Amino acid sequence: MQTMPAHAAHHDDREIETLEEFDATVSARGTLAGYRVQAVDLTDRTRELLATDTAGAVFLGCAMREDAAAKIRGDGALVFPPVPGLPFDPYRGLVYSPDELFASLAGGYEATPDALAYAWFQRTKADGDIYASMLRAVHDDSVSDALDELLSGARVVGVMGGHAMARGTEEYAGAARLGRELARAGFTVATGGGPGAMEAANLGAYAAPFGDEMLSESLELLGKAPHFTPSITQWASAAFEVRTRWPQGGRSVGIPTWFYGHEPPNAFASHIAKYFANATREDGLLARSNAGVVFLPGAAGTVQEIFDNATPNYYESRGEPTPMVLVNRVHWTEKLPAWPLLRSLAGGRSMEARIALVERIEEAPEALKRLGG
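From a predicted model like this one, the values you see are computed outputs, not experimental measurements.

**Looking at the overall build of the protein chain**
The helix and strand inventory of the protein chain stands at 15 helices and eleven strands. Radius of gyration (C-alpha) of the protein chain: 22 Å, near the 21 Å computed for a compact globule of 373 residues. Projecting the C-alpha coordinates of the protein chain onto the three principal axes gives extents of approximately 65 × 50 × 45 Å. Counting every position in the protein chain, which comprises 373 residues, the buried fraction comes to 53%. Put simply, the protein chain shows about 15700 Å² of open surface, and 54% of that area lies on carbon and sulfur atoms. For the protein chain, the distance from the average site of its 33 positive side-chain charges to the average site of its 48 negative ones is 3 Å.

In structure tokens form, the structure reads like this:
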């Protein structure tokens, strides 16, 4: 099964991201000097803060009592207090979960943290406030840090494809089987985290631990709300219905963005690294797909991703080129002829042995293994 490493084992030893880690560090080390404490509620840890050396420590968005804050500032620690009235935490220590982004879905999608963060983004983007843009940048950097910790040591395969692919179609079912097969082969599936082909691949990874009939039954259930328009609420609720019926599915990653507000995140990625800046998100998704990328039929966004991925493979700026598998001959040679261009680009370079065009989704996992050597 997928090997997505346990979170806490891999991050910087000086980062504290949960109350458990805080307590363990204080009792084992007896000092917080030089530590980074990220988004941990310390209101009930006043005694510990007053009694522990915090010289050179940095507290990012940690709630605490005023006497504790005054004492640690006196020690020479830096305190960045929580920002009131924000629908997100810019200093968060972990990536999101679907339950977190879709909390309050029962009251309609508009009431969810995901929708509120998007509304805040639209409001502040329009007035060009430096403070708001700084908060977005800090948030995105925190998410990248959390994503690196999450994926440390994982073999990640990116699955790219458009948001237009509807549930209930043969294409969607194929993308889900692809995600399932990749997960069963020990890869961590990463997608753009949105609807369509992205959701299908995350669904497949979620289905990996179950018997094969679970995916067929899920596809049928989801087919009742084929698209996220007109109602995101109905679309997301159908996904949560599947998750309730088959809890504890396989893990995978979704990397969506609030930049496309028309595109909600899907609920099948167990870990969601959601960004405000689409450029950071695109680059982060491809840079982390260290075991290759499968490109399903898509439009402008998918074409952009093909060449965003081809460029570092061409210059070998991230080291050895990683496998690229394009699926559907007609789509990538006639409808949007990205394959001929990719092939000419790769000619005579080491990436030439790492690209393939296959007809059917079913051929993609085999092609990946072949190209990956």
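**Examining the sheet that holds strand E1 (residues 15–16)**
A sheet is described by the order of its strands in space; here four strands give the open sequence E1-E2-E3-E4, paired in parallel fashion. A strand with exactly one partner marks an edge of an open sheet, and here the two such strands are E1 and strand E4 (78–80). One ladder, built from three bridges, connects strand E3 (residues 58–60) with E4; its direction is parallel. Of the residues in E4, the one forming a bridge with Leu60 is Phe80.

**Things to note about the side chain of Thr52**
Mapped onto the elements of the fold, Thr52 is located in the loop between helix H2 (46–51) and E3. With residues up to four places along the chain from it excluded, the contact list for Thr52 reads Val26, Gly30, Thr31, Leu32, Lys71 and Asp75.

**Observations regarding the confidence of the model for the protein chain**
Per-residue pLDDT for the protein chain has a mean of 94; in total, 97% of the residues score no lower than 70. Below a pLDDT of 50 lies the segment residues 5–10, which in the model reaches twelve contacts outside its immediate sequence neighbourhood of four places, other chains included.

**Some remarks on the domain arrangement of the protein chain**
Here the protein chain is partitioned into domain 1 (15–80) and domain 2 (146–372). In this structure, domain 1 and domain 2 have C-alpha centres spaced 40 Å apart.

**Some words on the nonpolar core**
Val294, Leu296 and Val325 are the most contacted members of the largest nonpolar core, which has 53 residues in total. Secondary structure elements with two or more residues in this core: strand E5 (156–160), helix H7 (170–184), helix H8 (197–207), helix H9 (212–222), helix H10 (232–245), strand E10 (324–327), strand E11 (355–358) and helix H15 (364–371). Not counting chain neighbours up to four residues away, the residues in contact with Val325 comprise Val293, Val294, Phe295, Ala356, Val358, Ala364, Ala367, Leu368 and Leu371.

**Structural notes on the layout of surface pockets**
Computed from the structure, the largest pocket encloses a volume of approximately 340 Å³. Lining of the largest pocket is provided by 22 residues; of these, Gly162, His163, Glu263, Gly301 and Thr302 occupy positions nearest its centre. Among the elements that line the lining of the largest pocket, the one with the most residues is helix H12 (residues 300–315), at five residues. Here the lining of the largest pocket is composed, by residue class, of nine nonpolar, nine polar and four charged. Roughly 220 Å³ of internal volume is contained in the second largest pocket. Going through the elements one at a time, strand E2 (36–38) and helix H6 (130–151) are the ones with two or more residues in the lining of the second largest pocket. Residue contributions to the lining of the second largest pocket peak at six residues, all from H6. Partitioning the lining of the second largest pocket into residue classes produces seven nonpolar, two polar and four charged.

Scoring rules and cut-offs
Residues numbered from 1 in each chain as written. Predicted model: local features only at pLDDT ≥ 70, side-chain atom pairs only at ≥ 80, totals over all residues. Heavy atoms only, no water. Helix = DSSP H or I, 4+ residues; strand = E, 2+ residues; numbered from the N terminus. Rg over C-alpha atoms; globule rule 2.2 N^0.38 Å. Buried < 20%, exposed > 50% of the residue type's maximum accessible area, 1.4 Å probe, protein only. Areas by Shrake-Rupley, 256 points an atom, 1.4 Å probe, with all protein chains shown as cover. Lys, Arg positive; Asp, Glu negative; His and termini not counted. Charge placed at Lys NZ, Arg CZ, Asp CG, Glu CD. Pairing = 2+ DSSP bridges. Contact = heavy atoms within 4.5 Å. pLDDT = per-residue confidence, 0-100. Domains from an automatic or database assignment. Core = buried A, V, L, I, M, F, W, Y, C linked by side-chain atoms within 4.5 Å. 1 Å grid on protein atoms, 1.4 Å probe; cavity = no way out; pocket = protein on both sides within 12 Å on 5 of 7 lines; lining within 4 Å. Points joined across faces, edges and corners; volume = space filled by probe spheres on them. Nonpolar A, V, L, I, M, F, W, Y, C, P; charged D, E, K, R; others polar.

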